[in-house]
Amino acid sequence: MVHQRYIFGENADEAELARLRLLESWADPITINNLRATGVARGWKCLEVGAGAGSIARWLAGEVGPSGAVVAADLNPRFLGDVPANVEVRALDITREGVEAGAFDLAHSRCVLIHLPDPNLALVNMVRALKPGGSLAVDEADWGLFSLSGHLDAEWATDFVHDLFARHAEAGVRYPYFGRRLPGLLAEAGLEDLCSQGATSVSAPGDGSADMHCRTFEAFRALNVSLGASDEDLDRLMAVLRSPGVIITGVTLITARGRKSGVS
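A brief structural summary. Please read these numbers as outputs of a predicted model, since none were measured by experiment. (Residues numbered from 1 in each chain as written. Predicted model: local features only at pLDDT ≥ 70, side-chain atom pairs only at ≥ 80, totals over all residues. Heavy atoms only, no water.)

**Topic: the pattern of salt bridges**
Evaluation of the coordinates by the stated rule reveals 19 salt bridges. The residue Arg21 makes a salt bridge to Glu24 at a minimum N-O spacing of 3.1 Å. Residue Arg21 and its partner Glu24 are located together in helix 1 (residues 13-36), separated by three residues, close to a single helical turn. Its relative accessible area of 39% is what places Arg21 among the partly exposed residues. Look at Glu24 and you get buried, because its relative accessible area is 9%. We note a salt bridge from Arg180 to Asp142, for which the minimum N-O separation is 2.8 Å. Here Arg180 is found in the loop between helix 4 (154-171) and helix 5 (182-188), whereas its partner Asp142 is found in strand 5 (residues 130-142), with 38 residues between them in sequence. (Salt bridge = Lys/Arg side-chain N within 4 Å of Asp/Glu carboxyl O. Helix = DSSP H or I, 4+ residues; strand = E, 2+ residues; numbered from the N terminus. Buried < 20%, exposed > 50% of the residue type's maximum accessible area, 1.4 Å probe, protein only.)

**Re the nonpolar core**
By size, the foremost hydrophobic cluster in this structure holds 62 residues, and its most contacted members are Leu113, Met126, Leu136, Leu148, Phe217, Leu237 and Leu241. Element by element, the count of residues in this core is highest for helix 4, at six residues. If we skip the residues at most four places from it in the chain, Phe217 touches Trp143, Phe146, Val161, Phe165, Leu237, Met238 and Leu241. (Core = buried A, V, L, I, M, F, W, Y, C linked by side-chain atoms within 4.5 Å. Contact = heavy atoms within 4.5 Å.)

**Thoughts on the packing of helix 1 against helix 2 (residues 55-64)**
Where helix 1 meets helix 2, the axes come as close as 10 Å, and the angle between the chain directions of the two elements is 35°. Of the two elements, helix 1 crosses helix 2, and the hand of that crossing is right-handed. Within the contact between the two elements, helix 1 uses Glu24, Asp28, Thr31, Ile32, Leu35 and Arg36 and helix 2 uses Ser55, Ile56, Trp59, Leu60 and Glu63. Residues belonging to the contact of helix 1 with helix 2 are distributed by class as follows: five nonpolar, two polar and four charged. (Axes fitted to C-alpha atoms, helices over the stretch in contact; angles between N-to-C directions. Left-handed = near helix turned anticlockwise from the far one by under 90°. Nonpolar A, V, L, I, M, F, W, Y, C, P; charged D, E, K, R; others polar.)

**A few points about helix 6 (residues 208-219)**
Helix length check: helix 6 (twelve residues) gives 16 Å between terminal C-alpha atoms against 16 Å at 1.5 Å per residue, within 8%. If you check which residues of helix 6 are buried, you get Ser209, Ala210, Met212, His213, Cys214, Thr216, Phe217 and Ala219. Contact partners of the buried residues in helix 6: helix 1, helix 4, strand 7 (192-203), helix 7 (221-226), helix 8 (231-241) and strand 8 (247-259). (Expected span 1.5 Å × (residues − 1).)

**Regarding unusual backbone geometry**
The backbone of Cys111 shows a phi angle near 55°, a positive value even though the residue is not glycine. Residue Asp193 is not a glycine yet carries a positive backbone phi of 55°. With respect to the element layout, Asp193 can be found in strand 7. Of the residues examined, Asp193 reaches a relative accessible area of 55% and is grouped as exposed.

All quantities given are derived from atomic positions and should not be read as evidence of function.
Dropping the structure here:
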């Protein structure tokens, strides 16, 4: 089976785990607020799509308790070897492979749809997996506010990054301005009681989110070269990102949630 190309899947294990841990540190509080609002409780069965390094699957396992269950699914579940007893790990491409229909009280994904040319393929399968009245919660990135300041090259670097992002979308590898589409897609999926919010990272050198952005752009390097960026320009960008005075207005995490109709 040929999967949709996932650029971070090409990152070496050590580098990717470090990037994921930084993402978790920034995004988990936002994600958990979104999940708490669904009413997740003891005994629930949850589907975590794109489980990554597993922090949210582990959190859900604690919330649902021994009487509940969590399915932690990922294209490559390489970092999910040590999970609680009520977590089942699956290698899964949600755009191609369904899970049990009508089986879950909650389905969640984070930063999965941004990589998909047709995110509806994943949304349809996640909604189908829900019980009537079950909740879908999704968190997605939007890089539209990305900018750099505090460095002589900051304006150049900001423009360069957005040019790279346009190349990513044109190549069909990732869609950096996807997050703003998320609430509308959930509405089009027929979900009820919709709610959405956004949070943007703003960081200075030494912050975990600054390191997260540096590691993200390091992971993009081979892709960017393949799309025509020069090593000189990429080195110039990394010098700005790592400079002691730079301020990074980075990724916005858009959270959205809704309920499947209660009519079976």
